[in-house]
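In case you want the letters, here they are:
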Amino acid sequence: QWQALPTIHHNGILQGYVIRLYDLRTAEVSNFTVIDSGAQTYTYTLVNLKLSGYQVNIMAYNQEGLSPPATRSIQDRARKADPPRNLVSMATSDNNIQLSWQPPAEIGGIETYTIMWCKLGTDASCRGSEKNLSVMGSQLSVKVIDTWEPFTRYRFALKAGNSAGLSDLSNAAVGYTVQGVPSSPPQNVMVQAETATSLLVEWNAPPVQDRRGVITTYRVYYYVTPSVSGQQMVRAEQIMAVNITDDSQPVLLSLSELEPFTSYTVMVSAVTIEGEGNRTEPTGARTSQAAPSDPPTNIQISDVTVNTVALSW
């Protein structure tokens with residue numbers, strides 16, 4: 001808003017006013033014209049501005065040119081956006097990756113989202129270079145199309161961008177182009193006695209290149225080890241399912257309600273949404289000793305004398 005130029009300063013026939021807007025961040029210049037209407041006060045609304053600082057120059061003009069500018073500054077109030085939230089990846093039927101997310105919690109003015117992805121060599125590090133794709137800030141999902149390798153694990157993350165720059169990374173989402181059944185069993189299975197009635201079982205996921213999907217469950221098979229060598233014995237196999245949320249971490253499980261001082265055989269398999277992989281080779285351990293659970297039986301007393309007694313059981 002500004003006051004009309006006094007008539008004494010028109011120096012001719014006043015035609016109007018020019019508003020020159022200078023973006024301090026991008027150096028972009030925009031001009032707006034307001035025709036003289038004879039009003040004492042003029043108001044003009046600047047729209048579609050970015051989060052930035054601006055210099056505003058207002059000049060009167062006639063057919064001979066522009067007056068010196070009246071200058072005002074608008075402070076830059078922009079700051080980087082918070083990271084996008086809840087990034088989720090999902091393989092599509094045409095073997096691409098669909099990503100969806102939620103916008104940052106507080107800071108708005110999002111102009112773009114930059115999506116980054118790479119093929120994982122390990123659970124945490126990329127194998128090869130990282131790729132990226134930018135989409136409009138109004139989008140909250142996108143299908144990422146690339147020359148994906150089959151049965152391969154990829155990591156996705158994104159940043160929100162406004163006029164102040166890019167946010168920090170969102171949470172990472174890990175996805176497979178095509179999920180399948182793990183091609184190898186879990187690794188480094190160790191079984192040891194925990195108590196007289198429990199065993200501690202620990203293992204690692206199959207190698208990254210053999211998982212063929214996101215492992216959601218492990219199945220632990222265990223049974224009492226046959227005690228007669230070379231003899232076929234009926235075994236009562238039991239199964240315990242272990243659900244996980246991060247298949248990059250080792251798993252520790254306590255098998256409880258076992259028999260004291262008894263040898264058990266344990267095998268583990270990995271499961272994706274497509275099915276169960278092979279079991280590990282059998283691994284055994286024996287529970288710890290415990291105090292006897294029953295008293296002696298058939299106690300007999302005989303040959304009682306003044307100071308002796310014979311006991312048998």
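Here we summarise the structure given alongside this text. None of these values were measured; they are calculated from a predicted model.

Some points on the overall build of the chain
Across its full length, the chain holds one helix and 25 strands. The C-alpha atoms of the chain give a radius of gyration of 38 Å, which is well past the 20 Å a tight globule of 313 residues would have. By principal-axis analysis of the C-alpha atoms, the chain measures approximately 145 × 55 × 25 Å. Out of the 313 residues belonging to the chain, those deemed buried represent 35%. For the chain, the share of sequence-separated contacts (at least 6 apart) that also reach a separation of at least 24 residues comes to 61%.

A few points about the state of the cysteines
What the rule picks out here adds up to one disulfide. A sulfur-sulfur separation of 1.9 Å characterises the disulfide bridge that pairs C118 with C126. One quick way to see it: the torsion about the S-S bond of C118 and C126 is about -65°, and its sign makes the bridge left-handed.

Digging into the environment of Q139
Here Q139 shows up in the loop between β11 (131–136) and β12 (141–144). Spatially, the C-alpha atom of Q139 lies 9.1 Å from that of S100, the residues being 39 residues apart in sequence. Ignoring sequence-local partners within four residues, the contact set of Q139 consists of W101 and Y113.

Section: the sheet that holds strand β9 (residues 97–102)
Strand order in the open sheet formed by three strands is β8-β9-β12, with antiparallel pairing between adjacent strands. Only two strands of the sheet have a single partner each, and these edge strands are β8 (85–91) and β12. Going across the sheet, the axis of each strand differs from the next one's by a mean of 20°, ignoring polarity. As defined by bridge partners, β9 adjoins β12 across four bridges and the pair is classed as antiparallel.

Some details on the pattern of salt bridges
Overall, the coordinates contain five salt bridges when judged by the stated rule. Within this structure, R153, R211 and D247 form a network of salt bridges that share partners.

A closer look at the packing of aromatic side chains
For the structure shown, the criterion picks out nine aromatic pairs. Between the aromatic rings of W101 and Y113, the centroid separation amounts to 5.3 Å while the plane-to-plane angle is 65°, which identifies the pairing as edge-to-face. With W101 in strand β9 and Y113 in strand β10 (residues 112–119), this residue pair connects regions lying 12 residues apart in the sequence. When the centroid spacing of 6.2 Å and the interplanar angle of 50° are considered together, the rings of W117 and W148 count as tilted. A residue pair is termed long-range when its members are at least 10 positions apart, and W117 in strand β10 and W148 in the loop between β12 and β13 (153–162) qualify at 31 residues. Residues W117 and W148 agree in their burial class; the two are buried. By way of ring pairs, the aromatic residues W117, W148, Y154 and F156 are connected into one cluster. For the cation-ring pair, R279 lies above Y221, with the distance from its terminal atom to the ring centre recorded as 3.5 Å.

Examining the nonpolar core
With 21 residues, the main nonpolar core has W203, Y218, V220, V242, L255 and V266 as its most contacted residues. Elements with a minimum of two residues in this core: β16 (187–195), β17 (198–204), β18 (217–224), β20 (251–255) and β21 (263–272). Per-element tally for this core: the top contributor is β21, with four residues. Not counting residues up to four positions away in its chain, the partners in contact with V220 are W203, Q238, I239, M240, V242, L253, L255, V266, M267 and V268. Counting 18 residues, the second-largest nonpolar core is a separate cluster that includes L87, I97, V135 and A173.

Things to note about unusual backbone geometry
The phi dihedral of N48 is positive, around 55°, even though this residue is not glycine. For N48, the location among the structural elements is in the loop between β4 (41–42) and β5 (54–62). Non-glycine residue N86 carries a positive phi angle of around 55°. Looking at where N86 falls in the secondary structure, it is placed in strand β8.

What about the sheet that holds β20?
A sheet is described by the order of its strands in space; here three strands give the open sequence β16-β17-β20, paired in antiparallel fashion. In this open sheet, the two edge strands, each paired with only one partner strand, are β16 and β20. Taken pair by pair, the neighbouring strands of this sheet meet at an average axis angle of 20°, ignoring direction.

Examining the pairing of strand β3 (residues 29–35)
Strand direction decides the pairing type here: strand β2 (residues 16–23) and β3, joined by seven bridges, are antiparallel. Bridge pairing in β3 places Y17 opposite V34. Between β2 and the antiparallel strand that follows it, β3, lie five residues; A27 among them carries a positive phi value of about 65°.

Rules used throughout
Residues numbered from 1 in each chain as written. Predicted model: local features only at pLDDT ≥ 70, side-chain atom pairs only at ≥ 80, totals over all residues. Heavy atoms only, no water. Helix = DSSP H or I, 4+ residues; strand = E, 2+ residues; numbered from the N terminus. Rg over C-alpha atoms; globule rule 2.2 N^0.38 Å. Buried < 20%, exposed > 50% of the residue type's maximum accessible area, 1.4 Å probe, protein only. Contact = heavy atoms within 4.5 Å. Disulfide = S-S within 2.5 Å. Pairing = 2+ DSSP bridges. Axes fitted to C-alpha atoms, helices over the stretch in contact; angles between N-to-C directions. Salt bridge = Lys/Arg side-chain N within 4 Å of Asp/Glu carboxyl O. Phe/Tyr/Trp six-rings, centres within 6.5 Å; stacked < 30°, edge-to-face > 60°. Lys NZ or Arg CZ within 6 Å of the ring centre and 35° of its normal. Core = buried A, V, L, I, M, F, W, Y, C linked by side-chain atoms within 4.5 Å.

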